[in-house]
Amino acid sequence: MQKTSGRVLALLGLLQSRAEWTAPELAERLAVTERTVRNDVTRLRDLGYPVEALRGRAGHYRLGVGAQLPPLLLDDEEAVAVAVGLRTLTGVAGFEESGARALTKLEHVLPDRLRRHLASLRDATEAGPVNTDSNVEDPEVDAGVLTEIAAAIRDHRGLRAFYGAGPEEDRERIEVEPYRLVAWQRRWFVVGRSPGTGGWAPYRVDWLTLRLPGGRSFTPAELPGDLTELVVREVARTGWSVHARLVIDAPAEEVLARINPAVGVVETRPDGRSVLVTGGDSLEVVAVWIGMLGLDFTVESPPALVDHLRVLARRYADAVVGSAP
């Protein structure tokens, strides 16, 4: 028979893995008597886990909603961060099932206020297409800011913020009606509508400094098609650290067939060629994307990309000098 501490943890794991258990079922799984199950349930309650019991022929035990986090040594922001991380993990090959199980257990014991925050964050979030990695460090995003934005989306409440990557005194003051959070290319964006102009745009969350009090409540407008596509298009045009404009020696249809939608926007030219408007976090990343295209091209801008490609050309040429045919 297991020691009491190990058996109580095993009981907790069972209660978290399924909504309801009868006493005989628990006794059988733990190889103990029903009386021991009742005693262990009492121990869990003493530790702060709200185990509910329904008596009678259809009696069962279930883990109820707690008034506070059980003793996991996690504060509110840490609990939400873990839940968001687990939700992301469920999309990683090999971790779908285990990540989903862990997320179910965590969500089951979250206090109601945190479950509402997590639900609003989940309902407000979409994932954009994955492209390639970057040699630039990921920006830090405050979990509290994500939670506040998700709550504003849920409650149809506007956001007031300073926006931009520079010093706060140089940032733009904006007010926006938030509609959706989009996670894309290791960035968080909030897609919103300007109450003044009615225009839609994505805003990088790591560039937002929220101002209090927030904006006014708003009546939701009709969404402008696919919000993830809006983010991809606008970021390709304005949101990268490096922006590039390339003339591709191939029609737009062929370019579109070769690229991930996350790469950028393709425009048709009258001469049968096409223009690719793309970008990335660095010149190195843009050069990788261009090389993966497998088509002849001419760089229209920026000049720094031309210089970088010349360096790469010399480096690659030197690498094959003296190589065996």
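If you're wondering where the values come from, they're calculated on a predicted model, not measured in any experiment. (Residues numbered from 1 in each chain as written. Predicted model: local features only at pLDDT ≥ 70, side-chain atom pairs only at ≥ 80, totals over all residues. Heavy atoms only, no water.)

### Remarks on the environment of His117
- Secondary-structure assignment places His117 in helix α6 (residues 112-123).
- With 31 residues separating them in the primary sequence, His117 and Glu148 have C-alpha atoms 8.5 Å apart. (Helix = DSSP H or I, 4+ residues; strand = E, 2+ residues; numbered from the N terminus.)

### Overview of the pairing of strand β9 (residues 242-248)
- Counting buried positions over the 7 residues of β9 gives 5, a clear majority of the element.
- Two elements, β9 and strand β11 (residues 274-280), share 7 bridges in a ladder whose sense is antiparallel. Looking at the pairing, His243 lines up with Gly279 of β11.
- Examined bridge by bridge, β9 and strand β12 (residues 297-301) share 4 bridges and lie antiparallel to one another. The residue of β12 that forms the bridge with Ile248 is Phe297. (Buried < 20%, exposed > 50% of the residue type's maximum accessible area, 1.4 Å probe, protein only. Pairing = 2+ DSSP bridges.)

### Details of the sheet that holds β9
- In spatial order, the strands read β10-β11-β9-β12; together these 4 strands make up an open sheet with antiparallel pairing. Whereas interior strands pair on both sides, the edge strands pair on one side only; in this sheet they are β10 (264-268) and β12. Across the sheet, the mean angle separating the axes of adjacent strands is 25° when strand polarity is ignored.
- Judged from the 5 bridges that link them, β10 and β11 form a sheet pairing that is antiparallel. Bridge pairing in β11 links Glu267 to Val275.
- The strands touched by helix α10 (residues 283-293) within the sheet are β9, β11 and β12, with β11 carrying the most contacts at an inclination of about 145°.
- Strands in contact with helix α11 (residues 303-320) are β9 and β12; relative to β12, the strand with the most contacts, it is inclined by about 140°. (Axes fitted to C-alpha atoms, helices over the stretch in contact; angles between N-to-C directions. Contact = heavy atoms within 4.5 Å.)

### Considerations on the nonpolar core
- Within the largest apolar cluster, 28 residues are counted, with the highest numbers of intra-cluster contacts made by Ile149, Leu181, Val190, Val205 and Leu208.
- Elements with a minimum of two residues in this core: α4 (76-89), α5 (96-109), α6, α7 (143-155), β4 (159-163), β5 (172-184) and β6 (187-193).
- Per-element accounting of this core gives the leading share, 6 residues, to α7.
- Sequence-distant contacts of Val190, defined by excluding residues within four places in its chain, comprise Ile149, Pro178, Arg180, Leu181, Ala201, Pro202, Tyr203, Val205 and Leu208. (Core = buried A, V, L, I, M, F, W, Y, C linked by side-chain atoms within 4.5 Å.)

### Structural notes on the pairing of β6
- In terms of burial, β6 is a largely internal element, 6 of the 7 residues being buried.
- Bridge count for β5 against β6 is 7 bridges, and the pairing is antiparallel. Paired with Pro178 across the bridge in β6 is Gly192.

### Quick look at the packing of aromatic side chains
- Tallying each qualifying case throughout the model produces 4 aromatic pairs.
- Note on Tyr163 and Tyr203: the rings are 5.3 Å apart at their centroids and 85° apart in plane angle, and the pair reads as edge-to-face. Of this pair, Tyr163 sits in strand β4 while Tyr203 is found in strand β7 (residues 200-204), placing the two residues 40 residues apart along the sequence.
- Looking at Tyr163, the relative accessible area reads 15%, which means it is buried. (Phe/Tyr/Trp six-rings, centres within 6.5 Å; stacked < 30°, edge-to-face > 60°.)

### Topic: α10
- All of the buried residues along α10 are Val285, Val286, Ala287, Trp289, Ile290 and Leu293.
- Residues of α10 that are buried make contact with β9, α9 (252-258), β11, β12 and α11.
- Backbone geometry just after α10 places Gly294 at a positive phi near 75°.

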